[in-house]
Amino acid sequence: GHAGYIRFLFREGCLPQFDVRQMWQFYHPPLHHALAALWMRLWSEVGLRGEQLYETVQLVPFCYACLTVLVFALILRELGLSGWAFRLPLAVFAVHPTFITLSGSLNNDMLSILLMLTALLLTLKWDQKPQLSCILLLALAIGLGMSTKLSAWMAAPAAAYVFLRAFVKAKKKLPMFGQFCVFGAVCIPLGLWWSVRNYIRWGVPVSYIPKLSEDSVQYVGEHPISERLFDFSASQFTYIYDCFTMYGQSYNEYNPLIGLLKTAVFDEFLNTNRFPAIAGVGEWLFWSQVVLALLCLIAAVWVTVGRRGKLSQKIVLLLTYLVPLISYYSFCLIYAHTCTQSIRYATPVIYGSLAFAGLFLHSIKGKAANILRVFLTVSAVLFMGCSVYVYDVLLLS
C-alpha cells in the first residue's frame, strides 16, 4: 500500500502514469509519499541501501509527530491557556497512543494531522487579526493538507465560519473579499489538483475511495443501523481490542463508537494475542480513556454553553470536534466494514476535545466544576501513565 507508493515514487521519480485505482493506496494525493521518496533519495545519495534505507522512512512521520506537539502547544497558547490548563491537555496529546502509533506509520495520516492542526492554529490567529499573510498561510495549510489526504477538508468548516463572521462584521467589505479570493486562488488548486488530474485522465471520481465488497470477511452491513449506532451491550467490552473474525475473534466490530475507542488506544494491531504482556494494564488504559473521553465531552458542553470565553473560539473548536465525528459516522455507515471504524478517520476529535478540556480547566469556577476538574485530572494522569507503560516500556522490552 503506502510503502509501495513511496517506493514507486522513489524508483520512478514521477507520478503514476496509469489509473491509480489499479494499485492499492495509489489513489491518495501524493504529498506525503513524495516527501518520503525524496527523503529516501537523499539517504541513498550518502550510501544507504536495502533494508536500512527503507527503515529510515519512519523518521519522516516521526518528525511530523514531534511538530504536531509544538503546533498543539501554540494552539493552546492562542486560546489563552496557561498553567495546568495548558500542561495537562498538551501532555495527554504528547503521549496519546494514536499519535505514538501514527508517528511510526508509513501512511499519510501524520502529515495530514500536522497540517490540519496548523490550519486550526492559523484560523484562530486570523480570527484575532485578519491579515492577508495569515489567510495565505491558512490556504497553504488546508491546500497542502488535501494534497496529503483529502479528508484534510475537515479543517475548512471552522475557517469558513470565521471568514463569514468577519465578513458580516467588516465595515469595508472589499478588502475582506479580496482576502477570500486570495485564499480560494491558493487553496482550491492545491487541494483538488490531484483529484481533477485523475478524473480527467482516467475518469476516477473526485471523492474516490476503494470500497470492499459485501462478500468481504469484515463486512458488517448485515447489522441494522439502529444496532450499529446504539448497541452497547456488555459482550462488546469483554474483549477490549479491535475485533476481526479473520484474526480469530468471535465477531467483527460493528459499533463505530466502540471501534473508535478501541482503535484510539490499540489501533488494529495491538492485542493480548500478539503482545501478551499488555494484559491487565491494557484494560486500565482502555477504561481510563473511556472515562477521560466522557469527561472531555462534559467539559466541552460546559464550556460551550457557559458565558465565559470567546464565542468564536468555542464555535471553531466545536466545528473541529463535530465535523470529523459526523464525517466518521457517515463513512462507517456507507463503507460498512470493520476497517473503516478506526480513529485514523477522526483524529481531530482527540485534539478538539483536549482543547475544550483546557478551556474548562482554565475558566470554569464553582464547586461542581472543581469536582469535575479533579476527576478529569486523575483520569488524564492515569491514562498517560498507562499509555507510557504500554508503549514505552512493555512494547520495547
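Worth saying up front: this structure is predicted, and the values here are computed from it rather than measured.

1. Quick look at the layout of surface pockets
- Volume-wise, the second largest pocket comes out at about 520 Å³.
- Residue assignment for the lining of the second largest pocket shows that the elements contributing at least two residues are helix H12 (256–266), helix H13 (281–305), helix H14 (311–334) and helix H15 (348–363).
- Partitioning the lining of the second largest pocket into residue classes produces 18 nonpolar, three polar and no charged.

2. Let's talk about empty space enclosed by the protein
- Tallied over the full model, the rule gives two cavities of 30 Å³ or more.
- The computed volume of the largest cavity comes to approximately 90 Å³.
- What lines the largest cavity is Met116, Ala119, Leu120, Thr123, Met154, Ala155, Ala158, Thr320, Pro324, Pro348 and Tyr351.
- Listed by contribution, the elements that provide at least two residues to the lining of the largest cavity are helix H7 (109–128), H14 and H15.
- Residue composition of the lining of the largest cavity, grouped by class: nine nonpolar, two polar and no charged.
- Considered as a void within the structure, the second largest cavity measures approximately 50 Å³ in volume.
- Surrounding the second largest cavity, Leu88, Pro89, Val92, Leu292, Cys296, Leu354, Ala357, Gly358, Leu361, Leu376 and Ala380 form its lining.
- Sorting the residues of the lining of the second largest cavity by element identifies helix H5 (83–94), H13, H15 and helix H16 (367–394) as the ones contributing at least two each.
- Tallying contributions element by element places H15 first for the lining of the second largest cavity, with four residues.
- Its residues assigned to classes, the lining of the second largest cavity shows ten nonpolar, one polar and no charged.

3. Side note on the pattern of salt bridges
- As enumerated under the stated definition, the model contains nine salt bridges in all.
- Lys125 is paired through a salt bridge with Glu78; the nearest N and O atoms lie 3.2 Å apart. Of this pair, Lys125 sits in helix H7 while Glu78 is found in helix H4 (residues 59–78), placing the two residues 47 residues apart along the sequence.
- Between Arg344 and Asp267 there is a salt bridge, with the nearest N and O atoms lying 3.8 Å from each other. Taken together, the residues span a long stretch of sequence, with Arg344 in the loop between H14 and H15 and Asp267 in the loop between H12 and H13 at a distance of 77 residues.
- Each of Asp109, Lys149, Asp267, Glu268 and Arg344 takes part in salt bridges that share partners, so that together they form one network.

4. Digging into the nonpolar core
- Membership of the largest hydrophobic core comes to 104 residues, with the highest contact counts inside it found for Phe72, Ile75, Trp126, Ile142 and Phe360.
- Ranked by the residues each element gives to this core, the list is headed by H7, at 13 residues.
- Those residues within four positions of Ile142 in sequence are excluded, and the remaining contacts are Ala119, Ala152, Ala155, Ala156, Ala159, Phe183 and Cys187.
- In this structure, Ile6, Phe26, Leu53 and Trp194 belong to the second largest nonpolar core, which totals 16 residues.

5. A closer look at the packing of helix H9 (residues 156–169) against H14
- Two numbers describe how H9 lies on H14: the axes approach to 8 Å, and their chain directions differ by 150 degrees. One element, H9, and the other, H14, form an angle in the roughly antiparallel class. In this structure, the crossing between H9 and H14 has a hand that is right-handed. Where H9 approaches H14, its residues Pro157, Ala158, Tyr161, Val162 and Arg165 are matched on the opposing element by Ser312, Ile315, Val316, Leu319, Thr320 and Val323.
- Looking at side-chain class alone, the contact of H9 with H14 contains eight nonpolar, two polar and one charged residues.

6. Overview of H12
- The element H12 is largely enclosed, with a buried count of ten among its eleven residues.
- Put simply, Asn255 is the residue that caps the front of H12, since its side-chain oxygen is 2.9 Å from the backbone nitrogen of Leu257.
- At the C-terminal side of H12, Asp267 shows a positive phi close to 50 degrees.

7. What to know about the packing of aromatic side chains
- On inspection of all chains with the given rule, the structure shows 26 aromatic pairs.
- Seen from their ring centres, Tyr241 and Phe266 are 4.5 Å apart, and the 55 degrees between their planes marks the pair as tilted. Highlighted residues: Tyr241 in the loop between helix H11 (225–230) and H12 and Phe266 in helix H12, separated in sequence by 25 residues. Taken as a pair, Tyr241 and Phe266 share a single burial class, namely buried.
- Relative to Tyr254, the ring of Tyr251 has its centre 6.1 Å away and its plane inclined at 65 degrees; by these criteria the two rings are edge-to-face.
- We classify Tyr251 as buried; its relative accessible area is 18%.
- On the accessibility criterion, Tyr254 (7% relative accessible area) is buried.
- Put simply, the rings of Trp126, Phe163, Phe167, Phe180 and Phe183 pair up and form one aromatic cluster.
- In this structure, Arg21 is placed above the aromatic ring of Tyr208, and the distance from its NZ or CZ to the ring centre is 6.0 Å.
- Between the NZ or CZ atom of Lys173 and the centre of the ring of Phe167, over which it lies, the distance is 5.1 Å.

Thresholds applied
- For every chain, the first residue of the written sequence is number 1, and numbering continues from 1 onward in sequence order.
- Note on the predicted model: pLDDT of at least 70 is required for a residue's local features to be given, and 80 or more for side-chain atom pairs to be given and counted; whole-chain, interface and lining totals, by contrast, use all residues.
- Here the side-chain values reflect all heavy atoms present in the structure, with hydrogen atoms and water set aside.
- In this analysis a 1.4 Å probe is tested at points of a 1 Å grid over the protein atoms alone, and where it fits but cannot get out there is a cavity; an open set with protein on both sides within 12 Å along at least five of seven lines is a pocket; lining residues have an atom within 4 Å of a point.
- Grid points are joined across faces, edges and corners, and a volume is the space filled by probe spheres set on the points.
- Segments assigned H or I by DSSP are reported as helices when at least four residues long, segments assigned E as strands when at least two residues long, and all are numbered from the N terminus.
- Each residue gets one label: Ala, Val, Leu, Ile, Met, Phe, Trp, Tyr, Cys and Pro are nonpolar, Asp, Glu, Lys and Arg are charged, and the others, such as Gly, are polar.
- A side-chain nitrogen of Lys or Arg and a carboxyl oxygen of Asp or Glu constitute a salt bridge if their distance falls within 4 Å.
- For this analysis, a nonpolar core means a set of buried residues of the types Ala, Val, Leu, Ile, Met, Phe, Trp, Tyr and Cys, connected via side-chain atoms within 4.5 Å.
- Partly exposed residues are those whose accessible area sits between 20% and 50% of the maximum for their type, while under 20% is buried and over 50% is exposed, using a 1.4 Å probe and protein chains only.
- In what follows, residue pairs with any heavy atoms lying within 4.5 Å of each other are defined as contacts.
- Axis lines are fitted through C-alpha atoms, for helices just across the contact stretch, and the angle between N-to-C directions can take any value from 0 to 180 degrees.
- Note that the term roughly parallel is reserved for angles under 35 degrees, roughly antiparallel for angles over 145, roughly perpendicular for angles of 65 to 115, and oblique for everything else.
- Less than a right angle of anticlockwise turn of the near helix away from the far helix marks a crossing as left-handed, whereas a clockwise turn marks it as right-handed.
- In protein, a polar contact means a hydrogen-donor-capable atom and an acceptor-capable atom, both N or O and within 3.5 Å, with residues adjacent in sequence counting only if both atoms are side-chain atoms; elsewhere, any N or O pair within 3.5 Å suffices.
- Note on ring pairs: Phe, Tyr and Trp rings are taken, using the six-membered ring of Trp, and paired if centres are within 6.5 Å. Classes follow the plane angle, with under 30 degrees stacked, over 60 edge-to-face and the rest tilted.
- Any Lys NZ or Arg CZ that is within 6 Å of a ring centre and within 35 degrees of that ring's normal is treated as a charge sitting over the ring.

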